[in-house]
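Report on the structure
This is what each chain is made of:
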Amino acid sequence: GRLLTIGLTCERTAPNSCSEGQQIKVTLKITASGPLPKFYVRAADQLPRWLKAVGDLPPLVIQLLPGESSIVQYDLQTAKRGVYLLNAATITTTDPLGFYSFKRAVPCSTELVIYPKVLQVREVFSRGAGAWGREYQDEGRTHGNGLDFYGVREYRQGDELRRVHWRTT
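In short, a report on the structure. All of these numbers come straight from a predicted model, not from anything done at the bench.

1. Overview of the overall build of the protein chain
In terms of regular secondary structure, the protein chain is built from 1 helix and 9 strands. Counting helices and strands in the order they occur from the N terminus, the protein chain gives β-β-β-β-β-β-β-β-β-α. The buried share of the protein chain, taken over its 169 residues, is 25%. Within the protein chain, contacts between residues separated by at least 24 positions form 66% of all contacts whose residues are at least 6 apart in sequence. As displayed, the protein chain offers around 12,700 Å² of accessible surface, 53% of which is attributable to carbon and sulfur atoms.

This is the structure we're talking about:
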């Protein structure tokens with residue numbers, strides 16, 4: 001059974017990038033090389049923490065003759081943005097009677113970039129302040145204590161009494 005894991009290669013096909021929370025299709029192509037046929041082969045990816053395979057176990061390839069290939073597809077759910085490296089796929093074979101299973105990591109490296117989720121901007125913000133009859137003011141240039149009211153909080157030791165909004169408190 002252990003000899004069945006030797007001579008198996010794997011190629012991964014997946015999109016290079018996607019958005020956070022999106023499902024993508026990943027394809028693993030298993031190729032048998034060598035003189036012996038391979039029986040009961042299953043391939044699965046070793047996934048990072050924030051990537052999850054959706055659905056059941058990958059399908060079982062019953063038989064691969066020398067030089068023959070088989071394709072395994074699965075859906076991948078992305079949970080968190082970042083750059084992930086999918087290093088190796090785990091290929092599992094069993095002996096003809098199914099008593100023992102043997103695993104081997106097959107290198108097939110793919111980089112996946114997950115971007116933040118894209119949100120729609122409301123039309124009010126895209127038109128700017130001039131659409132509401134106000135002039136545009138660069139708030140980055142304002143300094144000092146303004147007269148704008150931002151909210152109420154508890155009094156803290158050292159606060160200026162002139163900064164207390166008496167009507168609200």
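2. Considerations on the sheet that holds strand β5 (residues 51-54)
Taking strand neighbours across the sheet as the criterion, the 4 strands line up as β1-β3-β7-β5 in an open arrangement whose pairing is antiparallel. Each end of this open sheet is capped by a strand with a single partner; those strands are β1 (8-13) and β5. Adjacent strand axes in the sheet meet at a mean angle of 35°, parallel and antiparallel pairs treated alike. Of the strand pairs in this sheet, strand β3 (residues 23-32) and strand β7 (residues 69-78) are connected by 9 bridges, and their pairing is antiparallel. When the sheet's bridge partners are listed, I24 is paired in β7 with L76.

3. Brief notes about the nonpolar core
Core analysis: the largest hydrophobic core is formed by 24 residues, its most contacted members being L8, C10, I30, L51, L76, I91 and L112. Elements that contribute at least two residues to this core include exactly β1, β3, β4 (38-45), β6 (61-64), β7, β8 (82-94) and β9 (101-115). The dominant element in this core, judged by the number of residues it contributes, is β3, at 5 residues. With residues up to four places along the chain from it excluded, the contact list for I30 reads L8, T9, V41, A43, L64, E68, S69, S70, V72 and I91.

4. Details of a positive patch on the surface
Taken together, the side chains of R49, K52, K80 and R81 present a region of like positive charge at the surface. Within the secondary structure, R81 sits in the loop between β7 and β8. Using a relative accessible area of 51% as the deciding quantity, one classes R81 as exposed.

5. Topic: the sheet that holds β9
Pairing between the strands of a sheet is mediated by backbone hydrogen bonds and can be parallel or antiparallel. With mixed pairing, the 5 strands of this open sheet are ordered in space as β2-β9-β8-β4-β6. The strands lining the two open edges of the sheet, one partner per strand, are β2 (17-19) and β6. Direction aside, neighbouring strands of the sheet carry axes that sit 40° apart on average. Sheet topology places β8 next to β9; 12 bridges connect them, and they run antiparallel. For A88, the partnering residue across the bridge sits in β9 and is P107.

6. A few points about the layout of surface pockets
If a probe the size of a water molecule is rolled over the atoms, the empty space left behind becomes visible. The computed volume of the second largest pocket comes to approximately 220 Å³. For the lining of the second largest pocket, the elements supplying multiple residues, two or more each, are β4, β5 and β7. Broken down by element, the residue count for the lining of the second largest pocket peaks at 3 residues, all from β7. When grouped by side-chain class, the residues that make up the lining of the second largest pocket number 8 nonpolar, 2 polar and 4 charged.

7. Some points on the environment of T110
By the secondary structure assignment, T110 is in strand β9. Judged by relative accessible area, which is 13%, T110 ranks as buried. Residues T110 and Y84, 26 residues apart in the sequence, show an inter-C-alpha distance of 8.4 Å. Setting aside chain neighbours within four positions, we find T110 in contact with R12, Y84, L85 and L86.

About the cut-offs
Residues numbered from 1 in each chain as written. Predicted model: local features only at pLDDT ≥ 70, side-chain atom pairs only at ≥ 80, totals over all residues. Heavy atoms only, no water. Helix = DSSP H or I, 4+ residues; strand = E, 2+ residues; numbered from the N terminus. Buried < 20%, exposed > 50% of the residue type's maximum accessible area, 1.4 Å probe, protein only. Contact = heavy atoms within 4.5 Å. Areas by Shrake-Rupley, 256 points an atom, 1.4 Å probe, with all protein chains shown as cover. Pairing = 2+ DSSP bridges. Axes fitted to C-alpha atoms, helices over the stretch in contact; angles between N-to-C directions. Core = buried A, V, L, I, M, F, W, Y, C linked by side-chain atoms within 4.5 Å. Patch = residues over 30% accessible without salt bridge, like charges linked within 9 Å, V, L, I, M, F, W, Y side chains within 5 Å. Salt bridge = Lys/Arg side-chain N within 4 Å of Asp/Glu carboxyl O. Lys, Arg positive; Asp, Glu negative; His and termini not counted. Charge placed at Lys NZ, Arg CZ, Asp CG, Glu CD. 1 Å grid on protein atoms, 1.4 Å probe; cavity = no way out; pocket = protein on both sides within 12 Å on 5 of 7 lines; lining within 4 Å. Points joined across faces, edges and corners; volume = space filled by probe spheres on them. Nonpolar A, V, L, I, M, F, W, Y, C, P; charged D, E, K, R; others polar.

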